[in-house]
Amino acid sequence: MKQFKWSLLLVFLFVLISLVACSNNETDSTPADNDDNSEGAEETDTEEASEEVDLRVVTTMAGTDPAGEVFQEVLDEFVSEHPHVTIENDSQSADAGTIRTKVNTDFSSDNEPDMMFYFNTVDAEGLIEEGKVVNLEEAEGIDLSGFNSMLEQQRHSDGNIYAAPQSGFYEGLFVNKKLFEENGIELPTTWEQYEAAIEAFAETDIVPIAASTEDSYYVVEHYALAAGGMENYTAELADQNPSWAEGLDNIKKHADMGAFTPDAATIDLAMAQELFKQEQAAMIFEGSWFWGQLEEAGMGEDVTVLPMPVYADGGETGEIVGGASQGWFISTKSYEDEAKRDVVVDLFNYLTSEETIVRIAGATGQPPAKGALDDLPAYLEAGHQLVSDAPAVALPINDRIYPEAFTHMRTSVPNIVSGNTTGEQVLEEAAGMEE
Amino acid sequence: MKGDKLYIFLFLTPAFVITGIFLYYPFVENILQSFYKTDGFFNSTFIGIDNYVRLWNDEIAREALFNSLELMLYVTIFQVGIALVLAIMVNAITKGAGFYRTTFFFPIVISGAAIGLLFTLIYNYRNGLLNEILVNLGLERVLWLTEQSSLYMVAIPTIWNYVGFYFVILLTAIQKIPNDFYEAAELEGVTGIQKMFKLTIPLIVSDLKTCIVLAITGTLKIFELVYIITRGGPGSSSEVLGTYMYQKAFEDTAMGYGATIAVLIVVLGLSLAFITNKLLQKEEVTY
């Protein structure tokens, strides 16, 4: 019996040692952990790592984003030219903000991607302050030449540039021209026409505006812009600008007029997009990335994008929400890893080269940060015209205010619509959260 | 006895190590986190019990708490209740029992996300299954997810999803009851529905107790069905503690406040499990 007991103990010890040994093997083979090894081991590992380098790249080019396919092709070409490199494309759709959670979790758990295409907004503040991403202007080998003005838009308040842009975007009112024509309704270029269009479509079986009042990012922004013009739109949340509250209350006014589908409070953005793509809705607030989906649905020609009609004194229709809020970041951990640095710099310069930028931008029709797109279809040209004609362009509200405060604003829209609260009250609560 | 202790220690160690690392350590971290105000994962400021004060005054959290408790009531009554009825019925038949067992158990193997999507497409106003049927019958569309109905509409798939789980537990318990008991009862003149109340249920009461505790604690973990079907809405009419915690911790990156809601969920779960155990305490029946 005693012998059996000792055999069992030995077996247990053997299993334990094997497990530890296996985990050690795995750790040693990861180039990212070279820093932790002793000097002697480091030399051997660096040699091994120069043969095989594993990179992980996180972007928002996934899901319904048509740039995803082109981006994967671009990565495949880089890997075929650098056979010792393997790249894990860990991209995730930007819808519903889950990419923010992913990136924050990755960085806070010491599992950061080597490179990422992420929001260079309030979302990246923590990463920059903690030194988790590289100052590109000081990084050796990084080529920041050839960019248009979008590069300067990336400059952080501390004077450094941590992200290189790929393309710009604009948001606007996407309208199905065909449905407007068929129903004899004028395209909404003024606030009065916009309200008239809502009233007219509400009498038909067509939903005037495809929107989710819960995921109401673009709706909130555009209604605030319409009510206040650019001057008030760019105000701080702490100001509790009355035009923002008025904009929120206008959503209720229009909901009461039948602007949205009755289940707008429970559908998500994707469902709202489907309504528009199935021609069950005449208008939708979206961004320039939406063109890719429209092209896939074969309805690019039937749609045009208009600026939100602004009715505020001092405001001007044509002012738009847009800019270049996303950029390529390099994680400090990866840059400081001798085994990875050269490859990461090469990949960065490759992905931000004019050829690659134009190629990826071509998939979505968004204005590139380097070079220009040729032979654009008329509807995409109209979008680019919208940007060049805009008297003022500003980033979305959620890119510059405290995330919890904006979530409160957008998720309170169903309560505003049902009359349980008002725009002013919601704004006051949101401002309180920011404090 | 000494030898037994060694084996006990030996076999329990891996379980203790794993639960320690993956359950108790994160839980302690979670409690610590609840005393901090966090912004974007990287900035943490110690704020004492401010998060708990905020939770106490948070109307949405209160609504989420009451919704969770209401959902718990429906789920416990209907999941365990329906499972019991189905188990007794399936036990009573000889032909096709296997078919029914598989059919009732089937929803368990479908992921919550898939069931959520399924019911989203069933309830959808413009193109949903229910409204398509109504329109084809010449009737008006119905808004299925309203402030008044959303919680019930979420309860339906939640109940359907897990009935099979309790059904299998209860069916196995019923099948363990020796046939002699029923034969003796028949000789005593006990028939039909009386058999169920006087024999079957009293003999499986310990299994029923387990099912009820599991249903109660399980309801507090409900997340994906609510998140996918209603997103807690309209407004916060179907918000539950799980979805509210997710929103605060991961969408708003307010990890500290999210951790505070998580502490509430754990405390609530433990208290309810303790209370249920106390209330249902009864001498175990052995046979």
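The coordinates are above.
Residues numbered from 1 in each chain as written. Chains lettered and ligands numbered in written order. Predicted model: local features only at pLDDT ≥ 70, side-chain atom pairs only at ≥ 80, totals over all residues. Heavy atoms only, no water.

1. Considerations on the interface of chain A and chain B
Interface extent is often summarised as the accessible area lost during association of the parts.
So, step 1. Listed as interface residues are 44 residues of chain A and, on the opposing side, 39 residues of chain B.
So, step 2. Together, the buried faces of chain A and chain B total about 3400 Å²; carbon and sulfur atoms form 55% of this surface.
So, step 3. For the pair chain A and chain B, the interface holds 6 salt bridges.
So, step 4. For Asp205(A), the salt bridge is made with Arg126(B), and the minimal N-O distance between the two is 3.9 Å.
So, step 5. Here chain A is connected to chain B by 12 residue pairs in polar contact (both at pLDDT 80 or more).
So, step 6. Contributions of two or more residues to the side of chain A that touches chain B are made by helix H1 (2-29), helix H4 (98-108), helix H5 (125-129), helix H11 (269-277), helix H17 (403-411) and helix H18 (413-417) of chain A.
So, step 7. In the side of chain A that touches chain B, the residues fall into 18 nonpolar, 15 polar and 11 charged. (Contact = heavy atoms within 4.5 Å. Buried area = accessible area lost by both parts, 1.4 Å probe. Salt bridge = Lys/Arg side-chain N within 4 Å of Asp/Glu carboxyl O. Polar contact = N/O pair within 3.5 Å; in protein donor to acceptor, adjacent residues only side chain to side chain. Helix = DSSP H or I, 4+ residues; strand = E, 2+ residues; numbered from the N terminus. Nonpolar A, V, L, I, M, F, W, Y, C, P; charged D, E, K, R; others polar.)

2. Remarks on the sheet that holds strand S4 (residues 164-165) of chain A
Residues and elements named next belong to chain A.
So, step 1. Within the open sheet, the 5 strands sit side by side as S2-S1-S3-S10-S4. Their pairing is mixed. Each of the sheet's edge strands pairs with one partner strand only, and the pair in question is strand S2 (85-89) and S4.
So, step 2. Relative to S2, strand S1 (residues 53-58) runs parallel, the two sharing 5 bridges. Considered in S2, the bridge of Val 53 is made with Val 85.
So, step 3. In the packing of helix H14 (residues 338-351) onto the sheet, the strands contacted are S1, S2, strand S3 (115-119), S4 and strand S10 (326-330), and the crossing angle to S1 comes to about 45 degrees. (Pairing = 2+ DSSP bridges. Axes fitted to C-alpha atoms, helices over the stretch in contact; angles between N-to-C directions.)

3. Focus: the environment of Arg62(B)
All names here are of chain B.
So, step 1. Along the chain, Arg 62 falls in helix H3 (residues 59-92).
So, step 2. On the basis of relative accessible area, Arg 62 is assigned to the partly exposed category, the value being 37%.
So, step 3. Between the alpha carbons of Arg 62 and Leu 241 there is a distance of 9.0 Å; along the sequence they are 179 residues apart. (Buried < 20%, exposed > 50% of the residue type's maximum accessible area, 1.4 Å probe, protein only.)

4. Observations regarding unusual backbone geometry
So, step 1. Going from Gly233(B) to Pro234(B), the amide bond is cis rather than trans, its omega being -5 degrees.
So, step 2. Within the chain, Asp110(A) stands out as a residue other than glycine whose phi angle is a positive 60 degrees.
So, step 3. By secondary structure assignment, the location of Asp110(A) is in the loop between H4 and S3.
So, step 4. One non-glycine residue, Asp375(A), adopts positive backbone phi at about 50 degrees.
So, step 5. Residue placement: Asp375(A) occurs in the loop between helix H15 (354-364) and helix H16 (378-389).
So, step 6. Overall, Asp375(A) belongs to the exposed group, its relative accessible area being 80%.

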